[in-house]
Each structure stands twice: as C-alpha cells, then as structure tokens.
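# A structural walkthrough
Chain by chain, the residues:
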Amino acid sequence: MRRVLAVGVVVALACGAAARAEDPVKPTPKREKPKYEYREEHDKDGIGKFYMGREIAHVMGYGAAGWLERKERIKEEDPEKLIKALEIKEGMVVADVGAGSGYHTFMIAPLVGEKGKVIASDIQQEMLDLVTAKAKKQKVTNVETVKGTVTDPKLPAGKVDLILMVDVYHEFEHPFEMAEKLVEALKPGGRLVFVEFRLEDDKVAIKLVHKMSERQVLKEVTPFPEMGHTKTVGTLPWQHVVIFTKKEPKK
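Rules behind the numbers
- Residues numbered from 1 in each chain as written.
- Predicted model: local features only at pLDDT ≥ 70, side-chain atom pairs only at ≥ 80, totals over all residues.
- Heavy atoms only, no water.
- Pairing = 2+ DSSP bridges.
- Helix = DSSP H or I, 4+ residues; strand = E, 2+ residues; numbered from the N terminus.
- Axes fitted to C-alpha atoms, helices over the stretch in contact; angles between N-to-C directions.
- 1 Å grid on protein atoms, 1.4 Å probe; cavity = no way out; pocket = protein on both sides within 12 Å on 5 of 7 lines; lining within 4 Å.
- Points joined across faces, edges and corners; volume = space filled by probe spheres on them.
- Nonpolar A, V, L, I, M, F, W, Y, C, P; charged D, E, K, R; others polar.
- Expected span 1.5 Å × (residues − 1).
- Buried < 20%, exposed > 50% of the residue type's maximum accessible area, 1.4 Å probe, protein only.
- Arc of directions from axis to C-beta.
- Contact = heavy atoms within 4.5 Å.

Moving on, we come to the sheet that holds strand E3 (residues 54-57). What the three strands build is an open sheet, ordered E1-E2-E3; its pairing is antiparallel. In this open sheet, the two strands that pair with only one neighbour each are strand E1 (36-38) and E3. Within the sheet, the average angular offset between the axes of one strand and its neighbour, ignoring direction, is 40°. Across three bridges, strand E2 (residues 46-51) lies against E3 in antiparallel orientation.

Okay, here's the thing in structure tokens:
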C-alpha cells in the first residue's frame, strides 16, 4: 500500500513539474511609445523632430569640445555644487552619458575610488579619444569609455548605480529609446539624473532648444512608471538637476 502511495506521489510531482514547464512565460508588457512628430517649420537650432511637444536640438560636435572645458563654466554651472548634490559614494558604478570631453567624468572618478567605476558613454569616438587621452595623462584607471549609438548608450543592464546626463538629453535623436535603455541599465534604487539649462529662466543665455523645463523633463519620464521623481535641485546658477530613482521590483 505504501509503495502504491509513494508511486502516486512521484507521478503527481512529475505531472506537476511537467505542467509548470508547459506554462507559458508571461511576456514583458510593452511600453506605449509616444509618437515623434516632424515639422517643416522649426527652430534653426533644432532638427525638426519633436517629442512630446519639444523640438530635439542638434548634437554639439566634437569640434566644440573646447567649450566644454571653458573657464566660465565654473561660474555659469558651478559643477562642484552639482557633484556634491549627487551624493556619490565609494564603490559606485556611475555612467556619464554624453560624456563629451569627460569634464564631469574626471570629477566623479576620485569619488567612486578604486572599487568603483565611471563609464563615459558618447556617440562620438573623437570625444571618447579625448577622455582616453586625459585618463592616460592623469593616470586614472577607473574610467571606462563606451561608444554608444543614437538609440543605445551601451551600458550594462542592471549594473549602474547612477546615470548622469549633463546638458545632453535634449540632443538625443531618439529620447524614448535612449531612456528605455538607461532605465534598463540601472540597478533597483539606482538614480537617473537630468541636468538641463532652465527654460523657465529667461536670464539663462542658452539657445531655446538647448533648454528644458522641469515640467517637460517630468513629462518625458512618464512612460517609465518604475522611475519615481526623487527631487529637483534648483540651486545651480543656470541649470536644474532633476533626479529620478528606480523603484524596487514588486515581490
């Protein structure tokens, strides 16, 4: 009798395992992608492509890399105050997306230390070459360069603690696709940081399509409900720092 029961239990377990193996895998729900618009009449400094009502700006070419290193940047942007607001800890993996000449990359590198890493991502190899040369000259060993594309910054999925974008998101030709990859790269609890020139402030002497309002930034993150708006830092001279945190997955 016990033998029959034992066999029955084994059969039942086997059938259950088979049933579970045959259960269909639930597909990841697709995000609703906002549509891009194209207009013939547009700002001369924009590309004529609009996202959520905002025109996308032309990318600043590597030929203007010197502007990123200008002395006036300290007064206009107060980068030290920005870095302090990010609350970077030793051992973090930080991605500087649209890193350009690495202006912020090399401010972050000593903060994450030897156990941490800064990933400098850019779509222009010439910019990455500047970062590589600077790292070699300064003997910085915790900076890694990655060449991204217009739709993918090529960051490791689920491995990044903080993603910083300084005056660059508004130039993304495919902002939805880029944001999707950025969110994917963050660890749960990781932060996504938009640093943009304030459109709300007429005194900020920057071309209109190279400025963004806080409201617009918040709007463009709405397709990603896993990203919660943590805070906006408004103490920089020309920019606001809009910070989002990736929520822990529901158990």
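This structure, assessed with the given rule, holds one cavity of 30 Å³ or more. In this model, the largest cavity occupies a volume close to 40 Å³. Lining the largest cavity are Tyr169, Ala179, Leu192, Phe194, Val217, Glu220, Val221 and Phe224. Going through the elements one at a time, strand E8 (186-198) and helix H8 (214-220) are the ones with two or more residues in the lining of the largest cavity. Across the lining of the largest cavity, the residue classes tally to seven nonpolar, no polar and one charged.

This part is about the layout of surface pockets. Size it by volume and the largest pocket reaches roughly 700 Å³. As for the largest pocket, its lining consists of 37 residues, of which Val59, Met60, Asp167, Val168 and Glu171 are closest to the centre. Counting residues per element, the ones that place at least two in the lining of the largest pocket are helix H2 (65-68), strand E4 (93-97) and strand E5 (117-122). Of the residues that constitute the lining of the largest pocket, the class distribution is 18 nonpolar, 11 polar and eight charged.

This next bit is on helix H6 (residues 125-138). Given 3.6 residues per turn, any residue in an α-helix points the same way as the ones three and four places further on. For H6, spanning 14 residues, the distance from its first C-alpha to its last is 20 Å, which sits close to the expected 20 Å at 1.5 Å a residue. Restricting attention to buried positions, one finds in H6 the residues Met127, Leu128, Val131, Lys134 and Ala135. In a view along the axis of H6, the buried residues occupy a sector of 120°, so they form one face of it. Turned more than 90 degrees off the buried face of H6, the exposed positions are Lys136 and Lys137. The elements touched by buried residues of H6 are H2, helix H5 (105-112), E5 and strand E6 (143-147). One or two steps after H6, the chain reaches lysine 139, where phi turns positive at roughly 55°.

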